[in-house]
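# Breakdown of the fold
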Amino acid sequence: MSLHTLFRQVNIPLRGFLRSQSLISSRSYGAIAQARSVLENELETIRAAGTWKGERVITSKQGAHISVDGSSGGEQSRDILNFCANNYLGLSSHPEVIQAGIEALQKYGAGLSSVRFICGTQDLHKNLEQKLAQFHEREDCILYASCFDANAGLFEVLLGPDDAVLSDELNHASIIDGIRLCRAKRLRYKHMDLNDLEDKLKESQSSRLRLVVTDGVFSMDGDVAPLVGICDLAEQYGALVFIDECHATGFLGIRGRGTDELLGVMDRVHIVNSTLGKALGGAAGGYTVGPKPLIDLLRQRSRPYLFSNSLPPPVVGSATRAVELLLASNEIAQSMAAKTMRFRNNMTQAGFTIAGAAHPICPVMLGDARLASLIADDMLKLGVYVIGFSYPVVPKGKARIRVQISAAHTDSDIDRAVDAFIQTGRKHGVIP
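Quick notes on the rules
- Residues numbered from 1 in each chain as written.
- Predicted model: local features only at pLDDT ≥ 70, side-chain atom pairs only at ≥ 80, totals over all residues.
- Heavy atoms only, no water.
- pLDDT = per-residue confidence, 0-100.
- Contact = heavy atoms within 4.5 Å.
- Buried < 20%, exposed > 50% of the residue type's maximum accessible area, 1.4 Å probe, protein only.
- Helix = DSSP H or I, 4+ residues; strand = E, 2+ residues; numbered from the N terminus.
- Arc of directions from axis to C-beta.
- Polar contact = N/O pair within 3.5 Å; in protein donor to acceptor, adjacent residues only side chain to side chain.
- Patch = residues over 30% accessible without salt bridge, like charges linked within 9 Å, V, L, I, M, F, W, Y side chains within 5 Å.
- Areas by Shrake-Rupley, 256 points an atom, 1.4 Å probe, with all protein chains shown as cover.
- Salt bridge = Lys/Arg side-chain N within 4 Å of Asp/Glu carboxyl O.
- Pairing = 2+ DSSP bridges.
- 1 Å grid on protein atoms, 1.4 Å probe; cavity = no way out; pocket = protein on both sides within 12 Å on 5 of 7 lines; lining within 4 Å.
- Points joined across faces, edges and corners; volume = space filled by probe spheres on them.
- Nonpolar A, V, L, I, M, F, W, Y, C, P; charged D, E, K, R; others polar.
- Expected span 1.5 Å × (residues − 1).
- Axes fitted to C-alpha atoms, helices over the stretch in contact; angles between N-to-C directions.
- Parallel < 35°, antiparallel > 145°, perpendicular 65-115°, else oblique.
- Left-handed = near helix turned anticlockwise from the far one by under 90°.

## A closer look at the confidence of the model for the protein
Mean pLDDT over the protein works out to 92, with 92% of the residues at or above the 70 mark. Overall, residues 73–77 carries pLDDT values under 50, and its contacts beyond four positions in sequence, including any with other chains, amount to 7 contacts.

If you want it as structure tokens, here you go:
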């Protein structure tokens, strides 16, 4: 065989291979270009609707007073009042909470590099679970990476095809997603409507287990679930009661135990999910407390628990100290009510519409998404950090600025925030 013939035999399939690779590359590029166009069009729609959610950069610890990058002509040192954190008790920067995290980091390391059942359980995890069960006066507790994970991991394990779940229509997105994962019959009842809940309980009487599911406090409006009526109906129709307490744990109720304590039904609510990422130190993590057999089963079958790394020791250490502070005294929790009412009353007198009642979540209702965003920007120029909430976080036409009061705020801080709202409200024609 001549060298020329050999070259032709090798070159013909090589050219075919190169052409096929070029075609594949062209198709791949086309797919990426098409996807990019679709995504950019969607993003432009969000911008045009005025619902774009930017992220401001904080250059200090979380607290009532913070520094924000670019808040004053590029200067980072300006004192900014923060009125939109879930740091209800001011424990995110509490010296003892920070020190506990440092000590846990030094003793236990940065992380476990493992899930709990392999080699990811330390004595400090078990200690925190015991303290949380004690705090909520329940039999046992299981930790998760977040309360979103706790909600994602519960319903699928507890409920099967023969069961039914009855959920408030305005429950948190994590509850909705968690319920979607289970195979139980799903019934939504109108927001805090006991008559509709009773209708759904009657409709589901043939189910093996029935679970009534509600936020203790609804995070967008700050309204409190009617737990007494819910528990009455659950007992009448033989159902279990679950509450998500992320916006109540630590500060609602005389000892800060939550909505169930506030309304006197701690012994009638069967399962509680909550978070370590808000009032209890503000770092990360969530948990479920309830009957021990349920907690044991979650350890065996709950997917977010089984397949997520353990909470890092510094987070666990900080949260443990936060819970210990609340177990030792109710003083911090008790300071919230007067501050909350000071803000609500002064804003209402100024002409603003404030949703909810007597909860540190104080939504300033504005309706228009773009207006909420503009007012939030103007508030920052006046040294007050708030954020406009709009669709899809809240329903269309119900945009608002969700103000959150903290135990760390002083009366002077609250008055300064109200004055800034009055100034921007008049500028944009919200109040006369």
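## Description of helix H7 (residues 194–203)
Along H7, the residues classified as buried are Asp 196, Leu 197, Lys 200 and Leu 201. Buried residues of H7, seen end-on, are gathered within an arc of 145° and therefore sit on one face of the element. The distance from a side-chain oxygen at the start of H7 to the backbone nitrogen of Asn 195 is 3.0 Å, and the residue carrying that oxygen is Asp 193.

## Concerning a nonpolar patch on the surface
Taken together, the side chains of Val 228, Leu 262 and Leu 263 define a hydrophobic patch exposed on the protein surface, amounting to about 210 Å² of accessible area. Here Val 228 lies in helix H8 (residues 227–237).

## Looking at the pairing of strand E13 (residues 399–404)
Look at any regular strand and the pattern is simple: side chains alternate between the two faces of the sheet. Among the 6 residues in E13, 6 count as buried, and that is most of the element. Judged by which residues are buried, E13 turns out to be covered on both faces: Ala 399, Ile 401 and Val 403 on one side and Arg 400, Arg 402 and Gln 404 on the other are all buried. By the bridge criterion, 6 bridges tie strand E10 (residues 361–367) to E13 in an arrangement that is antiparallel. Bridge pairing in E13 links Cys 362 to Val 403. Where strand E12 (residues 388–389) lies against E13, 2 bridges are found, and the strand directions are antiparallel. By the bridge assignment, Phe 389 is partnered in E13 with Arg 400.

## Let's talk about empty space enclosed by the protein
Applying the stated criterion to the full structure yields 3 cavities of 30 Å³ or more. The computed volume of the largest cavity comes to approximately 80 Å³. Around the largest cavity, the lining residues are Arg 116, His 125, Leu 143, Tyr 144, Ala 145, Pro 304, Tyr 305, Ser 308, Asn 309, Ser 310 and Leu 311. At the level of elements, strand E3 (140–144) and helix H11 (303–306) are the ones that each hand at least two residues to the lining of the largest cavity. Of the residues contributing to the lining of the largest cavity, the split by class is 6 nonpolar, 4 polar and 1 charged. Taken as a whole, the second largest cavity holds about 50 Å³ of empty space. As for the second largest cavity, its lining consists of Gln 62, Gly 63, Ala 64, Asn 82, Ala 85, Asn 87, Gln 404, Ser 406 and His 409. Residues belonging to the lining of the second largest cavity are distributed by class as follows: 2 nonpolar, 7 polar and no charged.

## Observations regarding the environment of Ile 387
Mapped onto the elements, Ile 387 comes out in the loop between strand E11 (384–385) and E12. Separated by 331 residues in the primary sequence, Ile 387 and Arg 56 have C-alpha atoms spaced 9.8 Å apart. The residues contacting Ile 387, other than those within four sequence positions of it, are Arg 56, Cys 84, Ala 376, Arg 400, Ile 401 and Arg 402.

## Considering helix H5 (residues 147–158)
For H5, spanning 12 residues, the distance from its first C-alpha to its last is 17 Å, which sits close to the expected 16 Å at 1.5 Å a residue. H5 sits mainly inside the fold: 9 of its 12 residues count as buried. Along H5, the residues that are buried comprise Cys 147, Ala 150, Asn 151, Ala 152, Gly 153, Leu 154, Phe 155, Val 157 and Leu 158. Capping the start of H5 is the job of one residue whose side-chain oxygen sits 3.3 Å from the backbone nitrogen of Phe 148: Ser 146.

## Points about the sheet that holds E12
Taken in spatial order, the 3 strands of this open sheet run E10-E13-E12, and their pairing is antiparallel. In this open sheet, the two edge strands, each paired with only one partner strand, are E10 and E12. Lying over the sheet, helix H14 (residues 336–350) contacts E10 and E13, oriented at roughly 20° with respect to E10. Sitting on the sheet, helix H15 (residues 369–381) is in contact with E10, E12 and E13, with an inclination near 40° to E13.

## Thoughts on the packing of H14 against helix H16 (residues 411–427)
Running from N to C, H14 and H16 cross one another at 25°; their axes reach a closest spacing of 10 Å. Classed by the angle they form, the pair H14 and H16 counts as roughly parallel. In the packing of H14 onto H16, the handedness of the crossing is right-handed. Here H14 contributes Lys 339, Arg 342, Phe 343, Asn 346, Met 347 and Ala 350 to the contact with H16, which in turn contributes Asp 411, Ile 414, Asp 415, Val 418, Phe 421 and Ile 422. Looking at the contact of H14 with H16 residue by residue, the class counts come to 7 nonpolar, 1 polar and 4 charged.

## Let's talk about the side chain of Lys 200
As for its placement among the helices and strands, Lys 200 is situated in helix H7. Assessed through its relative accessible area of 16%, Lys 200 is described here as buried. Once you skip the residues sitting within four places of it in the chain, Lys 200 turns out to touch Leu 166, Leu 187, Arg 188 and Tyr 189.

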